[in-house]
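Here is what each chain is made of, one letter per residue.
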Amino acid sequence: MKNFLKSLLLFTLVFVIITSLAPMGMTKAAAKGRVQNIEMYIGEAYESTDYSQVKSIKNTNKAAVKTSKSKENNNKVVFEAKKVGKAKITYVTKTGTVVINVTVKKPKFEYKVYGINKGEILVEVTNKTKAIFQDGKFQYTLKGTDGTEYLSEKISVYSLMPNKKSYAKIVFNASKFEPDVTKTEIKMVSLSRSPAYKYTNAEKKFNLKDSIKSQTEDQVVVSVNTKNTGKIPISGNIFVVFYDASGVPINFVSHGVYLQAGKTDTSDAICYLNIINFETKERAAFGEYKIFKNVYTSVYANK
């Protein structure tokens, strides 16, 4: 049952704090009034349950943490971190009382954008917090030189590691408008990780070997071989960013990682060299590539 719960919680975007399916001593504590301390960042959300119907919820700081009964399951309480501060959440169920002390912190991200092709913008997000996030949703706004807003939508950015760069691509219809890339605005909307798990940088246990497999006038293929030398599974993403001869990004490839202990994986990252002058058929000139390893382990820690 524990293995089932661990796998169930590993990638979920809505997070459950296990209270009743614990060892016998913890089960009794939950029935009598279990107390937990949780650290959250603005934009995070999860669900707490002791697997019995929720009767009432008390919240000492509704501005910092929004709480509500789940619309899908009356056994769950939904927590949403909204503002920096502390809150004491007490909810009563048919089997007992659960008390959760929540500390909400403000996350910090830095952004850079690059026009890499007609209708495509590369987004670079650097996580400046100490926490590892499985992914985040970010709102981007594209504007013209005069400030006219053309498009505002959300993108997902994966494997946000402390002081590391993650990448995603904005794709738009260039036949309808041509934005000024320098005026692109980006802000964080939501973040995903489980406070019931301990996340650790796994780069030292993640061996990676790469080489150019082939190169033609219209594409470059990079072979990437990886191995998990650790004792537990590794998750995350590999970002392969391609640059022209002057060091400007021209394309990128993202490859999701999930490697069991001792396992290996081989994949190809293909960079298509786009035509930059349709009259002369000139293509972007490939200069180099860089690989960013954003990998981590996650261990169930709420024992």
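Predicted model only: the values in this text are computed from it and were never measured.

Of the regular secondary structure elements, the protein chain holds two helices and 23 strands. A buried classification covers 46% of the 303 residues belonging to the protein chain. In the protein chain, of all internal contacts separated by at least 6 residues, the share reaching a separation of at least 24 is 67%. Carbon together with sulfur atoms contributes 50% to the accessible area of the protein chain, which is approximately 15,900 Å² in total.

Bridge count for strand S15 (residues 197-201) against strand S23 (residues 286-300) is five bridges, and the pairing is antiparallel. Each residue of the ladder has a partner; that of Thr-200, found in S23, is Thr-297. Where strand S18 (residues 234-244) and S23 come together, ten bridges link them in antiparallel fashion. Bridging across to S23, Asp-244 finds its partner in Phe-286.

Turning next to the pattern of salt bridges. Pairs may arise between side chains of opposite charge once their charged atoms sit close together. Scanning the entire structure with this criterion turns up ten salt bridges. We note a salt bridge from Lys-118 to Glu-178, for which the minimum N-O separation is 3.6 Å. Within this pair, whereas Lys-118 is found in the loop between strand S9 (109-117) and strand S10 (120-127), its partner Glu-178 is found in the loop between strand S13 (165-171) and strand S14 (185-192), the two being separated by 60 residues in sequence. Between Lys-143 and Glu-185 there is a salt bridge; the shortest N-O distance is 2.8 Å. With Lys-143 in strand S11 (residues 133-143) and Glu-185 in strand S14, this residue pair connects regions lying 42 residues apart in the sequence. Connected via shared salt-bridge partners are Lys-164, Glu-203 and Lys-293.

Attention now moves to the packing of aromatic side chains. Enumeration over the complete set of coordinates arrives at 14 aromatic pairs. Ring plane angle 85° and centroid distance 5.6 Å describe the contact between Tyr-41 and Phe-133, whose orientation is recorded as edge-to-face. Taken as a pair, Tyr-41 in strand S2 (residues 34-41) and Phe-133 in strand S11 lie far apart in primary sequence, 92 residues in all. Note on accessibility: Tyr-41 and Phe-133 belong to one class, buried. Here a set of aromatic residues connected by ring pairs shows up, and it is made of Tyr-41, Phe-109, Tyr-111, Phe-133 and Phe-138. Cation over ring: Lys-290 sits above Tyr-243, and NZ or CZ is 5.3 Å from the ring centre.

Here the focus is the side chain of Thr-93. Along the chain, Thr-93 falls in strand S7 (residues 85-93). Judged by relative accessible area, Thr-93 falls into the buried class, the value being 4%. Of the polar contacts made by the side chain of Thr-93, one reaches the side chain of Asp-50; its length is 2.6 Å. A distance of 2.9 Å separates a polar atom in the side chain of Thr-93 from a polar atom in the side chain of Ser-52. With near-sequence residues (within four places) excluded, Thr-93 lies in contact with Asp-50, Ser-52, Gln-53, Val-54 and Lys-55.

As a further point, take the sheet that holds strand S20 (residues 264-272). Strand order in the open sheet formed by three strands is S16-S17-S20, with antiparallel pairing between adjacent strands. Every interior strand has two partners, whereas the edge strands, strand S16 (206-215) and S20, have only one. Strand-to-strand, the axes of this sheet are offset by a mean angle of 20°, without reference to chain direction.

Turning our attention to unusual backbone geometry. One non-glycine residue with positive phi stands out, namely Asn-163, at about 60°. Examined against the element boundaries, Asn-163 turns out to sit in the loop between strand S12 (149-160) and S13. Look at Asn-163 and you get exposed, because its relative accessible area is 55%. The residue Lys-281 is not glycine, and still its phi comes out positive at about 65°. As for its position among the elements, Lys-281 is in the loop between strand S21 (275-277) and strand S22 (282-283). Judged by relative accessible area, Lys-281 falls into the exposed class, the value being 55%.

Quick look at the environment of Tyr-46 now. Secondary-structure assignment places Tyr-46 in strand S3 (residues 45-49). Along the backbone, Tyr-46 and Phe-79 are 33 residues apart, and their C-alpha atoms lie at a distance of 5.5 Å.

Note: strands within a sheet are paired through backbone hydrogen bonds, in either parallel or antiparallel orientation. Taken in spatial order, the three strands make up an open sheet running S12-S11-S14, and their pairing is antiparallel. At either margin of the open sheet sits one strand with a lone partner, and together these are S12 and S14. Here the average twist between neighbouring strands, direction ignored, is 20°. Direction of pairing for S11 relative to S14: antiparallel, over a ladder of seven bridges. Bridge pairing in S14 links Thr-141 to Glu-185.

We now examine the confidence of the model for the protein chain. Counting all residues, the mean pLDDT for the protein chain is 88, and 88% of those residues have values of 70 or more. Taken as a whole, residues 1-33 scores under 50 in pLDDT and shows 70 contacts with residues more than four places along the chain or in a different chain.

Basis of the calculations
- Residues numbered from 1 in each chain as written.
- Predicted model: local features only at pLDDT ≥ 70, side-chain atom pairs only at ≥ 80, totals over all residues.
- Heavy atoms only, no water.
- Helix = DSSP H or I, 4+ residues; strand = E, 2+ residues; numbered from the N terminus.
- Buried < 20%, exposed > 50% of the residue type's maximum accessible area, 1.4 Å probe, protein only.
- Contact = heavy atoms within 4.5 Å.
- Areas by Shrake-Rupley, 256 points an atom, 1.4 Å probe, with all protein chains shown as cover.
- Pairing = 2+ DSSP bridges.
- Salt bridge = Lys/Arg side-chain N within 4 Å of Asp/Glu carboxyl O.
- Phe/Tyr/Trp six-rings, centres within 6.5 Å; stacked < 30°, edge-to-face > 60°.
- Lys NZ or Arg CZ within 6 Å of the ring centre and 35° of its normal.
- Polar contact = N/O pair within 3.5 Å; in protein donor to acceptor, adjacent residues only side chain to side chain.
- Axes fitted to C-alpha atoms, helices over the stretch in contact; angles between N-to-C directions.
- pLDDT = per-residue confidence, 0-100.

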